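Commentary on secondary and tertiary structure
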Amino acid sequence: TGPGRTGPGVVAMTAAVADVLQALNLQVRAEQVPDLPPYDAAGAWRNAADQAGELDFFGVEQTIAWLEAVLVSAPYNAGSFETHELCFQALVAVIKSNKCGPVVERVVKLLENTADTYDALLKCVDVDEWVAPGCSGMLRLYMLQVLIECFGGQRISGNLVMELTSNDTSAAVALMAFILKCGEAEFETQAVASRALVQLSTADSIFVPGSQETNDQKLAKLTAQLNTHVNNLIQSVIQYDVIDGFGRTICQHQQSHSRTDIIVKYFLSTIHNCLLYCSANQKKLRTHVALRSTIVKDIMIPYVDNILPALYERASVDLTVVEFQNLIAATQTFVVVTFNIDIMRADFIEDNLILRMLEVPGALSFVPFFEACVRLCINCGLEKSAFMSPTVEKLVVAWHALPPQTQERLQRRFSIAHFSHALPTSKPVAALRDALQEILGEDAPARKQRRRKVKKGRRKGKKRAFGMRWVPKHKSEPVDEATADDPTGEDDGSESDSMPDMQGEEVGGWSDGAFGDPSGLPQESVCQLSGVLMTDPVVAPDGSHFERAALEDWLRFSPTHPLTGSALDLSACQSADGVRLQNMQFQIGMLAEARVDQQAEEEMVAPTMPAMEAPPAASEPAPGTALLGDLPSLASGGASATEAPKKKTKIRITSRKVIDAPEDMRCAIDGKICTNPMRSQYGHLFEKKTLEQWFNTCGSVCPVTEKPLRMEECFADSDMKKRIIKWLKESGHA
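These figures come from a predicted structure and were not determined experimentally.

**So, the packing of helix H14 (residues 257-276) against helix H16 (residues 295-312)**
The contact between H14 and H16 brings their axes to 12 Å, and the two run at 130°. Looking at the two axes, H14 sits oblique to H16. Helix-helix and strand crossings are classified by hand; for H14 and H16 the assignment is left-handed. Across the interface between the two elements, Thr260, Asp261, Val264, Phe267 and Leu268 of H14 pack against Ile295, Met300, Tyr303 and Ile307 of H16. The class makeup of the residues in the contact of H14 with H16 is 7 nonpolar, 1 polar and 1 charged.

Okay, structure coming up:
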């Protein structure tokens, strides 16, 4: 049975297939690919186009069989992927020209038979693109589009991307980053890549829900897996310029508000999730957002300006409005990028953007938005702005409109760290603190009195620093200072008291209980100044631990020890790497434990559900199985069990992980491997573009030593560039 459709659209698609096949014919002859069946695929499709129709199913099947033979027999030449690129481009064109069940099934059969080649090509591209950028052309785009055309974009998840890349986080991020940067990619493909990046930033990307393999593993092993995944993920987000990729995609679709809202939502979710982890690379990511990327200043702030008029037209907003979801997420991102980064604060001080965000009807009745706005006012230094008075007045009026229970919850969140979702916040200066004292819940006299009590307690040997939990004598349970005066100590933990799920219902994300009970966290893991879980801890000469950013903010206004009042300089403090690792292990351990508990609970509930057999056409794949039906695991490269494996020209190459690059090959500013290394007169290595951006932003000062330094005083390190290229080649090939 043949399709038999006619019309101008059908003729155009048939002719497009013929053009791609003709180009592939020429490439096959040039490379002298052996063992190909004698079939003129291009001629068959050209004849169908000339007859104003489409090729029958028998001809389509012969074409797919010929493409399969080309994929299996085509030799691999380092840095050359033209033949494979044209093969997958032809497959995409064939499916689009005739997307019926038999054609799709035949393409899936091709994917099963060429699983080894598919897997090896992804590995080869990952390596060769670093040696010769752009050598693979659009190959990765067409490889992903074939899967989308066969199975639909909604079924291409982060788990499947990890399976395609043999559980290599770096390769998975590189693949999705390429799709975002590719201007030829369709919006559906870019949306799939964006959603997959969000899923890669969650634990579900490595812990398959309901998987027996995950449930049987010990908690320590799960923690180690998540630890490795998190470090690789954040480093890869920096390494492959994922933020720049999101920026290009947003600009590409800026004429469509609906498309822009979707990409912005996925971008903010990815960055927010990455910044939740207490990873050593978290600070590098914040620096990367501020110095190497202009997405916040050039895209996010204008985006907020554009959606505000649409929000003003509503009588009241709610969390079902996509624009309002993105406004909350953007505000939380602004809080992160303004924390201890001066260059990001001017945009909020000199403009009335915060005040205009507060004027969205009904927005301040939502606790997450209210809290983010208050923290943004503190981080950006609103006391320096001419719009401080009307902004504070707007916040105070909205504060009085909140229910008393909500006010109490907010004050607790402002007074003590909320371990699962605490946004980084600087200590407010006196003027702003006094203006917001009704909201923050602590006036200046009370704060001074508390300090005197802390000092008195310290002389007695009771280390009870500001914002810390303490253990009463003869008791083992910790007491929260924020609720010490409350005999019940209860917090309903309602949904309005938690940060919103930035990923949306279709993606899934963290919950307020994801980190478990923080009572097992050692006291030295919490900053003794801000009370938050430290991600970049430093230790003072007297043994006190502080978050570096919080201490830098403190010393900017008072060169004294925050607890003792004695003179203190930042150079006298040292990095507390042991505490940082301890914090990260605690946080990731809580994530892994929560995942095990959740799956155990699901296993207990599952047997009570009645067994129902779903229709075959609408059935979903079993958890942990590949979405390609009978397609064997790409990691193992096995052949189909029902037929003998074909003789194939295998590409033997191992995947290169950029995150494993030696430290002496990395830029001293952002930690990325250098592609155009520059050496300063002080001996430090920098990427040229990164160093130029540093000088333009921070002035003529060395990023490491803080000594005077100009671009003219740095020189290109050609020997290091040769070493980097040699390392990439040697580490990437077997």
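**Section: the environment of Ser680**
Within the secondary structure, Ser680 is located in the loop between strand S4 (677-679) and strand S5 (685-687). Between the C-alpha atom of Ser680 and that of Cys702, which follows or precedes it by 22 residues, the distance is 8.4 Å. If sequence neighbours within four positions are ignored, Ser680 has contacts with Phe686, Leu709, Cys714 and Phe715.

**Topic: the packing of aromatic side chains**
Under the counting rule described, the total for this entry stands at 6 aromatic pairs. Measuring from ring centre to ring centre gives 6.2 Å for Phe370 and Trp399, while their planes differ by 35°; the resulting arrangement is tilted. With Phe370 in helix H20 (residues 367-379) and Trp399 in helix H21 (residues 388-401), this residue pair connects regions lying 29 residues apart in the sequence. The buried category is assigned to Phe370, whose relative accessible area is 0%. An aromatic cluster is defined as three or more aromatic residues linked by ring pairs; in this entry it consists of Phe324, Phe366 and Phe369. Its guanidinium or amino end placed over the ring of Phe178, Arg140 lies 4.0 Å from that ring's centre, counting from NZ or CZ.

**Let's talk about the sheet that holds strand S3 (residues 574-575)**
Judged by pairing direction, the sheet is antiparallel, and its 3 strands sit side by side in the order S2-S1-S3 without closing on themselves. Of all the strands in the sheet, just strand S2 (545-547) and S3 have a single pairing partner and so form its edges. In this sheet, S3 lies alongside strand S1 (residues 537-539) in antiparallel orientation, the contact comprising 2 bridges. The partner of Val538 across the bridge, within S3, is Ser575. Lying over the sheet, helix H26 (residues 548-557) contacts S1, S2 and S3, oriented at roughly 90° with respect to S2.

**A closer look at empty space enclosed by the protein**
Counting across every chain of the model gives 9 cavities of 30 Å³ or more. The space that makes up the second largest cavity amounts to roughly 70 Å³. Along its surface, the second largest cavity is lined by Leu122, Val125, Asp126, Arg140, Thr165, Ala171, Ala174 and Leu175. Looking at the lining of the second largest cavity, the elements with two or more residues in it are helix H6 (115-131) and helix H9 (169-181). Per-class residue counts for the lining of the second largest cavity are 5 nonpolar, 1 polar and 2 charged.

**Re helix H3 (residues 57-73)**
Over its 17 residues, H3 extends 24 Å from the first C-alpha to the last, a length consistent with the 24 Å expected when each residue adds 1.5 Å. Extensive coverage of H3 is indicated by the burial of 12 of its 17 residues.

**Focus: the packing of helix H4 (residues 82-97) against helix H7 (residues 139-151)**
Close contact between H4 and H7 brings their axes to 8 Å; oriented N to C, the two are set at 30°. Comparing their axes, H7 and H4 come out roughly parallel. In the packing of H4 onto H7, the handedness of the crossing is left-handed. Here His84, Glu85, Phe88, Gln89, Leu91, Val92, Ile95 and Lys96 of H4 come into contact with H7, specifically with Leu139, Tyr142, Met143, Gln145, Val146, Glu149 and Cys150. Looking at the contact of H4 with H7 residue by residue, the class counts come to 9 nonpolar, 3 polar and 3 charged.

**So, the nonpolar core**
The biggest cluster of nonpolar side chains holds 181 residues, and the ones touching the most others in it are Phe88, Phe324, Leu327, Phe370 and Leu395. In contact with Leu395, not counting residues within four places along its chain, are Leu358, Leu364, Phe370, Cys373, Val374, Cys377, Leu436 and Ile439.

**Describing the environment of Asn306**
Take Asn306: it is sitting in helix H16. The spatial distance from the C-alpha of Asn306 to the C-alpha of Glu323 is 10.0 Å, given a sequence separation of 17 residues.

**Notes on the sheet that holds strand S6 (residues 715-716)**
With antiparallel pairing, the 3 strands of this open sheet are ordered in space as S5-S4-S6. Looking at the sheet topology across the chains shown, the edges are occupied by S5 and S6. Bridge count between S4 and S6: 2 bridges; the pairing is antiparallel. Opposite Met678, over in S6, you have Ala716 as the bridge partner.

What counts, and where the lines are drawn
- Residues numbered from 1 in each chain as written.
- Predicted model: local features only at pLDDT ≥ 70, side-chain atom pairs only at ≥ 80, totals over all residues.
- Heavy atoms only, no water.
- Axes fitted to C-alpha atoms, helices over the stretch in contact; angles between N-to-C directions.
- Helix = DSSP H or I, 4+ residues; strand = E, 2+ residues; numbered from the N terminus.
- Parallel < 35°, antiparallel > 145°, perpendicular 65-115°, else oblique.
- Left-handed = near helix turned anticlockwise from the far one by under 90°.
- Contact = heavy atoms within 4.5 Å.
- Nonpolar A, V, L, I, M, F, W, Y, C, P; charged D, E, K, R; others polar.
- Phe/Tyr/Trp six-rings, centres within 6.5 Å; stacked < 30°, edge-to-face > 60°.
- Buried < 20%, exposed > 50% of the residue type's maximum accessible area, 1.4 Å probe, protein only.
- Lys NZ or Arg CZ within 6 Å of the ring centre and 35° of its normal.
- Pairing = 2+ DSSP bridges.
- 1 Å grid on protein atoms, 1.4 Å probe; cavity = no way out; pocket = protein on both sides within 12 Å on 5 of 7 lines; lining within 4 Å.
- Points joined across faces, edges and corners; volume = space filled by probe spheres on them.
- Expected span 1.5 Å × (residues − 1).
- Core = buried A, V, L, I, M, F, W, Y, C linked by side-chain atoms within 4.5 Å.

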